[in-house]
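A closer look at the structure
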Amino acid sequence: MAEQDYSFTQEELDEIERLKAKFPTDKAATLRVLWVAQEKYGHVEPEVQQLVAETLDISPAHVHGVATFYTQYYKEEMGKFVLDVCTCLSCQLCGGYEILHHLEDELGIKAGETTEDGMFSIQSVECLGACGYAPMLQVTNGVYANNLTKEKVDKLIENLRNGNMPEFESMVMRQNEKRKKAVSE
Amino acid sequence: MPEVFIDGKRYEFEGKPKLLQFILDQGLEVPFFCYHPSMSIPANCRQCMVKVGTPIADKDTGEYELDENGERKIRWFPKFQTSCSTTVSDGMVVHTQESSEEVARAQKDTLEFILINHPLDCPICDQAGECPLQIQTYKYGPEGSRFEVKKVHKPKRVQLGERVTLDAERCINCTRCVRFTEEISETNQLTIVSRGDKNYPMTAPGEEFDDPYSMNTVDICPVGALTSTDFRFKARVWEMNQTPSIDITNGKGCNVDLWTRDNLVLRITPRQNEDVNDYWMPDEGRDAYQQFNENRVSRPSIKLDGDNQSNTSWNNAIETFAEVLEAHEADNLAVIGSPHASVEENYAFNKFFNLLGAANAKFTPHVIPGYGDDFLITDDQAPNANGCRLINLDESEADGIKAAIQNAEVVIILSDDLIGRDVFSAEDLDDKYIISLATNQTPTVEASDLVIPITCIAEHAASYINVDGRIQRSYPAKETKYTNRRLNLEMSEGRLDRYGTNFDNWVSEENKVDCLPVWEFLNHLGDRLGLAYQQDHSRTIFAELSNQFPALEEITYERMDEEQGVQLPIEQQEVTQA
Ligand code: SF4
Ligand code: FES
Ligand code: FES
């Protein structure tokens, strides 16, 4: 495979300039620019991290530190769908690991791996701020699938295989259900 | 003056000190890890927590509200505060672990947390014995742990750079090392990667930690996570003795400690001196330990047949030296002092040949333009060019030295590898009689007809004047064949020295070099020549210097010790190119 040349287009550079202007220092724009890079390449492998560092004129070590802190940045090429299963406290208590292991069994890979057909990657991630609907997972930094059960997971995989992204689910805490009803009536 | 009450005792303070630093300055203690006085304060280890409150003052009158007992009413911060990041304010009341069981408990629990994934491998860890984590765990930590789950495993034996090895499992993520590269050396080479219990410091992918100051991170790492690749597993801290000294690898004169065991210098670490190097030193200076141990000139040697030197006795060396001097007029001597040698050595050396009628010794600075940075690495490669200037040695460029040699029959060189640093070549010395007084084997020593081994900075007490005109001194750290740690009160004794005997298997004679201080050798030579020359000790030589040179007036070894070196009233000289 020929070595890929990583660079931003003028348009992307303009976008980056706009982002930089929002922050007091260029270093502070690291998160956003990494994001621009990931949108473009689908990952932030070391070469892409290097590109971000050079573009912002900051140390590659710092960019690396930021990129590795967040599971949302993909430090290597991932499958078409990345299933981020939350195994943080609330989800863990509500069966997060069972969901994770079930997924692993179903897809024949372990957390941190990608299926051979390049369709799915699984990651075990920290709290995604949806503890109220635990256990949950997130699909490729996008929609959440909440209140998971094994059946729901199976369904999700099937849907994704057929190219159907789950719909965004509006969630309501149980204690608020009554109020929601009242509001919608 | 504003006041603060710590553990029930009143202290006055000025300015806006941080609480932890203020407490430490009073000689009191609060355990901490991430705080470092010369770096920013992230307050991330949470070990330094104390209970803090401020008195309630009336908004209008500013008067303190009192309770029924007439005591000031205190409004306590709702949670314990990290003392490292708390600014002391007037009337503040503080309880440390000494007066609050709650605080002691909080600190103990924090330690229990910090230790959850720590491998507790002190028995095989280099840091043991000088490890803040180990010490504070003993003092303030829990006796055991409630965490019985498997510890998180992380990378071990990671070669971050050529000189620093990481054991990520021992790291407590205090970020001192990262902050060092960001704030002090400014290479920004380190970062903390990953998150939660999986994080540890690392370089960017493919990048090497080749910071010229990288080993300072080993010193400031409060655990054994960062270790010196070179020193790893060589000695336990408590087996070594520690002797204050000066870095001689450049002109800055960083204050250092030499760590010796059985008369080998095993490592060099920086010694704090706000006016010179703060807590830091360049990696290069640490490598100097090798030159104190290895490749030394031991026993005099002499060229008898052709180019082969062979060892000879001191008596024979003195006799030969004396005969050479007797056979030549003083005008035919080229006497060359050295910016690599101390003030006392240069002085004693110069004075001796002055007495024989020779002109002041010449010397040439050892400067590599552009070599230095604006921090602790200097263009000047020698520790004492300013010392040579101060005692009026004759400063010349390389050409001047060359010319002096050409016109001489005998060349006498003090501790300077003039051939190695290209001042002249071995051919320039053809048909001259070359005498070297030297510490290490060098091309110059190799080209010499007579070699007198002399003590290096690790073996004598002597002073050096750095590029900024600060005079600082060394102490003997290593014994020579003729000195004895037990008898020389200036030498430090480690446990092995104090409790061992000559019959213990950790004691050997091998590491003692057969050499003499320059002045002691010259005493012998002076005796033989019937010169009125007697120098007993570097301290008395220095007293003589101080009488003779106004810039050194009222300067003594005691003052250098008490004030960590003394700034001399000398002009900063433009260093000339060698
Ligand atoms: S390696 Fe040492 S200095 Fe660096 S973060 Fe870890 S504990 Fe702190
Ligand atoms: S613990 Fe899973 S979303 Fe918060
Ligand atoms: S020393 Fe205060 S939090 Fe680390």
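Residues numbered from 1 in each chain as written. Chains lettered and ligands numbered in written order. Predicted model: local features only at pLDDT ≥ 70, side-chain atom pairs only at ≥ 80, totals over all residues. Heavy atoms only, no water.

Residue and element names in this part refer to chain B. What the rule picks out here adds up to 21 aromatic pairs over all chains. Their ring planes at 75° and their centres at 6.2 Å tell us that F13 and F22 sit as a pair that is edge-to-face. Exposure remark for F22: the relative accessible area of 6% places this residue in the buried category. Between the aromatic rings of F542 and Y557, the centroid separation amounts to 5.5 Å while the plane-to-plane angle is 40°, which identifies the pairing as tilted. Taken as a pair, F542 in helix α15 (residues 538-548) and Y557 in helix α16 (residues 557-562) lie far apart in primary sequence, 15 residues in all. Ring-pair connections join several aromatic residues into one group, and the members of that group are W314, F321, F349, F352, F353, Y482, F521 and Y533. Between the NZ or CZ atom of K51 and the centre of the ring of W76, over which it lies, the distance is 4.6 Å. (Phe/Tyr/Trp six-rings, centres within 6.5 Å; stacked < 30°, edge-to-face > 60°. Buried < 20%, exposed > 50% of the residue type's maximum accessible area, 1.4 Å probe, protein only. Helix = DSSP H or I, 4+ residues; strand = E, 2+ residues; numbered from the N terminus. Lys NZ or Arg CZ within 6 Å of the ring centre and 35° of its normal.)

Residues and elements named next belong to chain B. Taken together, 13 residues lie around ligand 1, and C171, C174, T175, C177 and C221 are the ones closest in. The site holding ligand 1 turns out to be the largest cavity. Across the shell around ligand 1, the residue classes tally to 10 nonpolar, 2 polar and 1 charged. (Near = heavy atom within 4 Å. 1 Å grid on protein atoms, 1.4 Å probe; cavity = no way out; pocket = protein on both sides within 12 Å on 5 of 7 lines; lining within 4 Å. Sits in = over half its atoms within 2 Å of the grid points. Nonpolar A, V, L, I, M, F, W, Y, C, P; charged D, E, K, R; others polar.)

Turning next to the interface of chain A and chain B. Contact residues are listed per partner, giving 12 residues for chain A and 14 residues for chain B. Taken together, the two surfaces of chain A and chain B that pack against each other cover about 1000 Å², and 60% of this comes from carbon and sulfur. Counting the contacts that link chain A with chain B gives 0 salt bridges. Linking chain A to chain B there are 3 residue pairs in polar contact (both at pLDDT 80 or more). Looking at the side of chain A that touches chain B, the elements that each hand over two or more residues are α3 (46-56) and α4 (60-69) of chain A. (Contact = heavy atoms within 4.5 Å. Buried area = accessible area lost by both parts, 1.4 Å probe. Salt bridge = Lys/Arg side-chain N within 4 Å of Asp/Glu carboxyl O. Polar contact = N/O pair within 3.5 Å; in protein donor to acceptor, adjacent residues only side chain to side chain.)

With that out of the way, let us pick up the sheet that holds strand β25 (residues 566-567) of chain B. Paired through backbone hydrogen bonds, the strands of a sheet run either parallel or antiparallel to each other. Residue and element names in this part refer to chain B. As summarised here, the arrangement of the 3 strands in space is β23-β24-β25, forming an open sheet in which the pairing is antiparallel. Where the open sheet ends on each side, the last strands, each with one partner, are β23 (463-465) and β25. Relative to strand β24 (residues 470-473), β23 runs antiparallel, the two being bridged by 3 bridges. Opposite S463, over in β24, you have R473 as the bridge partner. (Pairing = 2+ DSSP bridges.)

This brings us to the environment of T68 of chain A. Here T68 of chain A is to be found in helix α4. Overall, T68 of chain A belongs to the buried group, its relative accessible area being 16%. In the structure, T68 of chain A is positioned 31 residues away from I99 of chain A in sequence and 24 Å away in space, judged by C-alpha atoms. Leaving out residues up to four positions away in the same chain, T68 of chain A has contacts with K75 of chain A together with V193 and S194 of chain B. At 2.9 Å, the side chain of T68 of chain A and the backbone oxygen of H64 of chain A are in polar contact.

Here the UniProt feature "domain: 4Fe-4S Mo/W bis-MGD-type" (unreviewed entry) sits at residues 240-296 of chain B. Span residues 240-296 of chain B is 18% helix and 35% strand, its end C-alpha atoms 21 Å apart. (UniProt positions renumbered as here; feature names shortened; annotations may be inferred.)

In this section: the pairing of strand β22 (residues 450-453) of chain B. Two faces make up the sheet, and in a regular strand the side chains alternate between them. Residues and elements named next belong to chain B. Residues L450 and I452 line one face of β22 and the alternating positions V451 and P453 line the opposite face, and both faces are buried. By the bridge criterion, 2 bridges tie strand β15 (residues 301-305) to β22 in an arrangement that is antiparallel. Each bridged residue has a counterpart across the sheet, and for I302 the counterpart in β22 is L450.

It is worth spelling out helix α11 (residues 398-406) of chain B at this point. All names here are of chain B. Regarding α11, the residues found buried are A398, I401, A404 and I405. Buried residues in α11, looked at end-on, bunch into an arc of 125°, giving them a common side. Looking at α11, the residues exposed on the side facing more than 90 degrees away from the buried face are D399 and Q406. Looking at the buried positions of α11, the neighbouring elements they touch are β17 (333-336), β18 (362-363) and β20 (410-414). (Arc of directions from axis to C-beta.)

Residues and elements named next belong to chain B. Strand order in the open sheet formed by 3 strands is β7-β8-β11, with antiparallel pairing between adjacent strands. The two strands at the open ends of the sheet, each matched to only one other strand, are β7 (158-159) and β11 (226-228). Here β7 pairs with strand β8 (residues 164-166) via 2 bridges, running antiparallel. Among the inter-strand pairings, V158 is bridged to a residue of β8, identified as L166.

Sites flagged by UniProt as "domain: 4Fe-4S His(Cys)3-ligated-type" (unreviewed entry) map to residues 102-141 of chain B. Taken end to end, residues 102-141 of chain B has its terminal C-alpha atoms 14 Å apart, with 55% of it in helix and 0% in strand.

Residue and element names in this part refer to chain B. Counting across every chain of the model gives 3 cavities of 30 Å³ or more. In this structure, the largest cavity spans a volume of roughly 100 Å³. C171, C174, C177, C221 and P222 are the residues nearest the centre of the largest cavity, which is lined by 16 residues in total. Those elements giving two or more residues to the lining of the largest cavity turn out to be α4 (176-184) and α5 (216-220). When the residues that make up the lining of the largest cavity are grouped by side-chain class, the tally is 12 nonpolar, 3 polar and 1 charged. (Points joined across faces, edges and corners; volume = space filled by probe spheres on them.)

Residues and elements named next belong to chain B. For the structure on display, the rule yields 45 salt bridges over all chains. We note a salt bridge from K362 to D394, for which the minimum N-O separation is 2.9 Å. With K362 in strand β18 and D394 in strand β19 (residues 394-395), the pair connects residues that are 32 residues apart, well separated along the chain. Between R539 and E558 there is a salt bridge, and its shortest N-O distance comes to 2.5 Å. Residue R539 is located in helix α15, and its partner E558 is located in helix α16; the two are separated by 19 residues in the primary sequence. Judged by relative accessible area, which is 41%, E558 ranks as partly exposed. Beyond isolated ion pairs, a larger network of salt bridges with shared partners links D121, K156, D167, E169 and R170.

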